[in-house]
Amino acid sequence: MEEEIIKSKLRVQKHGEVFTPKKIVKKMLNIPEIKDACENLTTKFLEPSAGEGAFLVEILDRKLKMVSEKYNNDLTSYESYSLLALTTLYGIELLEDNAQTCVMNMFQLYYDNYKEQVQNHNGIVKKKVLDSAKEIISSNIRQGNFLTRKAVDGKPLVFSEWYPVNMRKTTKNIKIQRTEYTLDEIYESVEKEPGMTISRDERRDLQLDIFDILEVEEIDDEVKKEMRYIPVNIIDVYKEEMEEV
Ligand SMILES: C[S@@+](CC[C@H](N)C(=O)[O-])C[C@H]1O[C@@H](n2cnc3c(N)ncnc32)[C@H](O)[C@@H]1O
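Residues numbered from 1 in each chain as written. Predicted model: local features only at pLDDT ≥ 70, side-chain atom pairs only at ≥ 80, totals over all residues. Heavy atoms only, no water.

## Some points on the site of the ligand
The condition is simple: Here, proximity means that at least one heavy atom of the residue falls within 4 Å of the molecule or strand. Within 3.5 Å is the distance limit for a polar contact, defined as a pair of N or O atoms, with the added protein rule that one can donate a hydrogen and the other accept it, and that residues adjacent in sequence qualify only through two side-chain atoms. Here the open area of atoms and residues is found with the Shrake-Rupley method and a 1.4 Å probe, where only the protein chains shown may cover a residue. Using protein atoms alone on a 1 Å grid, points that fit a 1.4 Å probe yet trap it form a cavity, whereas open point sets bounded by protein on both sides within 12 Å along at least five of seven lines form a pocket; residues with an atom within 4 Å of a point count as lining. Those molecules having more than half of their atoms within 2 Å of a cavity or pocket grid point set are described as sitting in that cavity or pocket.
In the vicinity of the ligand lie 21 residues, with Thr20, Glu47, Ser49, Glu93 and Asn145 positioned nearest. Within the side chain of Glu47, one N or O atom sits 2.6 Å away from a nitrogen atom of the ligand. Expressed as a share of its isolated accessible area of 600 Å², the protein-covered part of the ligand is 85%. With respect to the detected pockets, the ligand is housed in the largest pocket.

As structure tokens, then:
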């Protein structure tokens, strides 16, 4: 089937939407330093106009290939390290349909690779691994405007840092400390206590209308509680476990 690189003339004019053909993506990612980065498990990538994930999907494919070569004798290690690979890929996309397709493309690739590993080990597909993959992908791929650093509803774009706290050569079960940052905070290199979240208050658009302000006052006590993520096994990140600060 021929690759579609344009959806409509209007979308090209309005959003500069032209998808990069697979062949070109591969060529660009084969530039020596970039190729090395793609094969490094912990190197992070952000695609600021992700489209349907042309680059992110190819980088994920390369990272997963590396994980499967390195950890093919142990399914638990594959599960941990493949999820860790997912945590390193971030994307921002303005248009809802593209952002959703990007998320689905990444999940499909993760799922296909995981299923293959499971079959090789005569194991079973664990729901918690897939749920954690979904949680990581949907937190890392956000619909929004990279230039204004805001989501389409005007709220700040929020991303999670996924920090492996117990990485040694022999580690099979990786523990992850999740911490949230707005894109503005990332630009300003703001340092935070591990686990801190962006509260519902902070996520609010600065241009609230009067009804929103009244509503905030009513529920103020309820939302004031500050929460932080606790370190968890990477296959349990889907639970989003937190404690009160
Ligand atoms: C030239 S396409 C490239 C897509 C993808 N990177 C690829 O190579 O296939 C640009 C994409 O950026 C999106 N976009 C345009 N303005 C944006 C903005 N301010 N913030 C985030 N995404 C934007 C468009 O919707 C479109 O999907």
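## Some points on the pairing of strand β3 (residues 141-145)
Rules: In this description, strands pair whenever DSSP reports at least two bridges between them. Every helix listed is a DSSP run of H or I at least four residues long, and every strand listed is a run of E at least two residues long, numbered separately from the N terminus.
Where strand β2 (residues 89-93) lies against β3, three bridges are found, and the strand directions are parallel. In the strand pairing of β3, Glu93 is matched with Gln143. Pairing geometry for β3 and strand β4 (residues 150-151), over two bridges, is antiparallel. Paired with Asn145 across the strands is Lys150, a residue of β4.

## Let's talk about the packing of helix α2 (residues 22-29) against helix α4 (residues 54-70)
Rules: Fitting a line to C-alpha atoms yields each axis, with helices limited to the stretch in contact; the angle taken between N-to-C directions then spans 0 to 180 degrees. Orientation labels follow simple angle bins: below 35 degrees gives roughly parallel, above 145 gives roughly antiparallel, 65 to 115 gives roughly perpendicular, and whatever is left gives oblique. Should the near helix be turned counterclockwise from the far one by less than a right angle, the crossing is left-handed, whereas a clockwise turn marks it as right-handed. We call two residues in contact when some of their heavy atoms are within 4.5 Å. Throughout this entry, Asp, Glu, Lys and Arg are counted as charged residues, while Ala, Val, Leu, Ile, Met, Phe, Trp, Tyr, Cys and Pro are counted as nonpolar. The remaining residues, Gly among them, count as polar.
Two elements in contact, α2 and α4, have axes separated by 10 Å at closest approach and are oriented at 60 degrees. In terms of their interaxial angle, α2 and α4 are classed as oblique. Between α2 and α4 lies a crossing of right-handed hand. Residue-level inspection shows Val25, Lys26, Met28 and Leu29 of α2 in contact with α4, the latter providing Ala54, Phe55, Glu58, Ile59 and Arg62. When its residues are assigned to classes, the contact of α2 with α4 shows six nonpolar, no polar and three charged.

## Some points on the nonpolar core
Going by this rule: For our purposes a nonpolar core is just a set of buried Ala, Val, Leu, Ile, Met, Phe, Trp, Tyr and Cys residues, chained together by side-chain atoms within 4.5 Å. Here's how the labels work: a residue is buried when its accessible area is under 20% of the maximum for its type, exposed when over 50%, partly exposed in between, all with a 1.4 Å probe on protein chains only.
By size, the foremost hydrophobic cluster in this structure holds 49 residues, and its most contacted members are Leu83, Leu86, Met106, Tyr110 and Tyr114. When near neighbours in sequence (up to four residues on either side) are disregarded, Met106 contacts Leu56, Val57, Leu60, Leu86, Leu89, Ile137 and Ile141.

## Observations regarding unusual backbone geometry
One non-glycine residue, Arg149, lies in positive phi territory at about 65 degrees. Here Arg149 falls in the partly exposed class, since its relative accessible area comes to 23%. Positive phi, normally seen in glycine, also occurs at Glu240, with a value near 50 degrees. Along the chain, the position of Glu240 falls in the loop between β8 (232-233) and β9 (242-244). For Glu240, a relative accessible area of 35% puts it in the partly exposed group.

## Describing the side chain of Glu135
Position of Glu135 among the secondary structure elements: in helix α7 (residues 127-140). Residue Glu135 is classed as buried on the basis of its relative accessible area, which comes to 14%. Discounting residues that sit within four places of it in the chain, Glu135 has contacts with Arg178, Val237, Tyr238 and Glu240.

## Focus: the environment of Ile174
If you trace the backbone, Ile174 turns up in the loop between β5 (158-164) and β6 (175-182). Here Ile174 falls in the buried class, since its relative accessible area comes to 0%. Between the C-alpha atoms of Ile174 and Ile235, which are 61 residues apart in sequence, the distance is 8.3 Å.

## Looking at the packing of α4 against helix α6 (residues 96-120)
Interaxial distance between α4 and α6 falls to 10 Å at its minimum, and their mutual angle equals 15 degrees. Here α4 lies roughly parallel to α6, going by the angle between them. Relative to α6, α4 is oriented so that their crossing is right-handed. Seen from α4, the contacting residues are Leu56, Val57, Leu60, Asp61, Leu64 and Ser68; seen from α6, they are Cys102, Asn105, Met106, Leu109, Tyr110, Asn113 and Gln117. When the residues that make up the contact of α4 with α6 are grouped by side-chain class, the tally is eight nonpolar, four polar and one charged.

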